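Residues per chain are reported as follows:
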Amino acid sequence: MPNAKSEFDVIVWGATGFTGELVADYLLESYGLPGVDATPAIAGKYPEVVRWAIAGRNPAKLAALQERLGAPVPILVADSDDVESLEELVSKTTVVLTTVGPYAQYGSKLVAACATSGTHYCDLTGEVQWMRKMIDQHQVAAEASGARIVHTCGFDSIPSDLGTLFVHNAMRAQSNDDCGFVKYRASKFKGGMSGGTIASMMNMMEEAEQDPGLTDLLADPYALNPADGARGLDGPDKVTPEYDKDFDNYVAPFVMAAINTRVVRRSNALMNNRYGHMFCYDEATLAGEGPIGFAKSLAMSATTALLTGATAIRPLRELLQRVVPKPGEGPDEDLRENGFFEIELCARGAADPAVQVRAVVRGDKDPGYGSTSKMIAESAVCLAFDDLKVGGGVWTPASAMGELLIERLHERAGVTFTLHDSVTDFGAAL
Ligand SMILES: NC(=O)c1ccc[n+]([C@@H]2O[C@H](COP(=O)([O-])OP(=O)(O)OC[C@H]3O[C@@H](n4cnc5c(N)ncnc54)[C@H](OP(=O)(O)O)[C@@H]3O)[C@@H](O)[C@H]2O)c1
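Everything numeric in this text was worked out from a predicted model, so none of it was measured.

**Some details on the side chain of S85**
- Mapped onto the fold, S85 is located in helix α3 (residues 83–91).
- If we ignore the near neighbours within four places in the chain, the residues touching S85 are V77, A78 and D79.

As structure tokens, this is what we get:
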């Protein structure tokens, strides 16, 4: 439950950025503003009055955002370099939702302030090397203070992490078995990238160039698992085309796999190997059937390899940076509103691989921004209001919020989880 002593339930830090503004739009539309004549668009099961505020480093930009929102959303100012301003920010709220990235550049002091003060935290980072650092530096303090620190609350890695939990629960309900493996297949999507996301990817390449040890960390399939915990049977991410019998399709590498797979494996470890000790997980993109599918998977694998290679070479990276969107820019409203994503999941039983569970996770807006802003906003409200089973620590979405967040997203945010060809129903998978 929210801390009644806090002035706010949720503060959106980075609200003036591309994604932060979308989060503010969603919170206003879905939850209104306490004391203001704004009726929440979605009420019923979740009637919370959310006390929320916008925050950032630039008061003028925050005032302009408040004007555009057309509501007196409270404003707070904090800069990533000013520890005092961050400590004051976190002292006022139950949860900080941050869209200030690249997180490796601007996020560390905020995580430290949250972990020390007991303030819950969620973000959209996909920077594995930075998450590793945050886990190592703040796990103990977060456990002691009660702060739930949850990274990757957007398209990376909620469909992967909660989708896996969902099919695992369905497998248990159906056959009381663990999942021997879960496959995540990106099937259809329409969307674009923002300057902030590209800056975060480029920053990761910069860091890897300066510290060659990072390349090994990024290649480790268990890069985010507890250091003293057991590892599993998974190997390196897919880099070449292959035929996938379960989908009767050729598959190609999925760009976000190097982040999502680490998060899902960490979830299994943090939940005491809930998916089983033999659990395997991988991600890929469906390319199609027959010779055309094979040709497409070949082209997709080559493009991914070329782009990864190009961003690893400084002069090419600098060239690319000139043509891609700048921080603050991103896909236009038309692309966001008409965008969508669809992820197919296939699980097979550990004891009996003939038993399979299939599900689809869909988003009704583009994955990276329209849907992501709703996913992180609901994560923040879930952290503030829902009766979570875990205490403080550096968690993943599934291990911290699990079924409660699946239900929220399904019912409120247009991110749906559907089982098909299954004897289990939605409720039983929660
Ligand atoms: N995982 C996912 O699915 C996903 C999806 C979308 C975005 N993201 C990540 O989210 C992050 C934000 O992306 P975006 O496109 O929204 O970026 P953006 O438009 O560049 O916004 C960045 C925000 O950070 C603020 N900021 C920058 N430096 C700051 C500082 N020193 N102190 C305080 N605030 C500072 C900016 O403030 P000003 O407005 O004052 O410049 C702005 O509000 C990126 O890391 C991106 O990779 C992830």
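Next comes the rest of the account.
**What to know about the nonpolar core**
- With 108 residues, the main nonpolar core has V10, W13, W52, L110, M401 and L409 as its most contacted residues.
- Counting residues per element, this core draws most heavily on helix α14 (residues 367–385), at 9 residues.
- Looking at which domains feed residues into this core, each of domain 1 (8–154 + 372–405) and domain 2 (158–366 + 416–429) gives three or more.
- Apart from the residues within four sequence positions on either side, L110 is in contact with W13, L86, L89, V90, V96, T98 and Y121.
- Ranked by size, the runner-up nonpolar core spans 5 residues in total, among them F247, V251, L286 and C346.

**Digging into the pairing of strand β5 (residues 120–123)**
- Residues H120 and C122 of β5 are buried on one face, and the alternating residues Y121 and D123, pointing to the opposite face, are buried as well.
- Both strand β4 (residues 93–98) and β5 contribute to a ladder of 4 bridges, which runs parallel. Each residue of the ladder has a partner; that of V95, found in β5, is H120.
- Two elements, β5 and strand β6 (residues 148–150), share 2 bridges in a ladder whose sense is parallel. Residue pairing in the sheet places Y121 in a bridge with I149 of β6.
- Handedness of the crossover is the feature at issue here: the chain leaves β5, passes through helix α6 (residues 128–145), returns alongside β6, and the resulting connection is right-handed.

**With respect to the domain arrangement of the protein**
- The assigned domain composition of the protein is domain 1 (8–154 + 372–405) and domain 2 (158–366 + 416–429).
- Of the residues lining the interface, 30 residues belong to domain 1; the matching set on domain 2 comes to 37 residues.
- Carbon and sulfur atoms make up 67% of the area that domain 1 and domain 2 hide from each other, which totals about 2700 Å².
- Our count for the contact surface shared by domain 1 and domain 2 stands at 2 salt bridges.
- Its salt-bridge partner being K374, residue D364 comes within 2.7 Å of it at the nearest N-O pair.
- Where domain 1 packs against domain 2, one counts 11 residue pairs in polar contact (both at pLDDT 80 or more).
- Elements supplying a minimum of two residues to the side of domain 1 that touches domain 2: α1 (18–31), α4 (103–106), α6, α14, β13 (393–395), α15 (397–400) and α16 (402–412).
- Counting residues per element, the side of domain 1 that touches domain 2 draws most heavily on α6, which supplies 6 residues.

Reading the values: rules and limits
In this numbering scheme, every chain counts its residues from 1 along its sequence in written order. Under the rules for a predicted model, residues below a pLDDT of 70 receive no local features and side-chain atom pairs below 80 are neither given nor counted, while totals for whole chains, interfaces and linings still include all residues. As a rule here, side-chain values cover all heavy atoms of the structure and leave hydrogens and water aside. Secondary structure elements are defined from DSSP: runs of H or I of at least 4 residues count as helices, runs of E of at least 2 residues count as strands, and each element is numbered from the N terminus. The contact definition used throughout considers only heavy atoms, calling two residues in contact when any of these lie within 4.5 Å. Side-chain atoms within 4.5 Å are what join buried Ala, Val, Leu, Ile, Met, Phe, Trp, Tyr and Cys residues into a set we call a nonpolar core. Relative accessibility decides the category of a residue: with a 1.4 Å probe and only protein chains considered, values under 20% of the type maximum give buried, values over 50% give exposed, and everything between is partly exposed. All the domain ranges listed were derived from an automatic or database domain assignment. Here the rule is simple: two strands pair whenever DSSP picks up at least two bridges between them. By definition, the crossover connecting two strands over a helix is right-handed if that path, from the first strand to the second, turns clockwise as seen with the strands pointing away from the viewer. Each of two parts loses accessible area, computed with a 1.4 Å probe, when they are put together; buried area is these two losses added. Criterion for a salt bridge: a side-chain nitrogen of Lys or Arg within 4 Å of a carboxyl oxygen of Asp or Glu. What qualifies as a polar contact is a pair of N or O atoms within 3.5 Å, subject to a donor-acceptor requirement within protein and to the restriction that residues adjacent in sequence count only when both atoms come from side chains.

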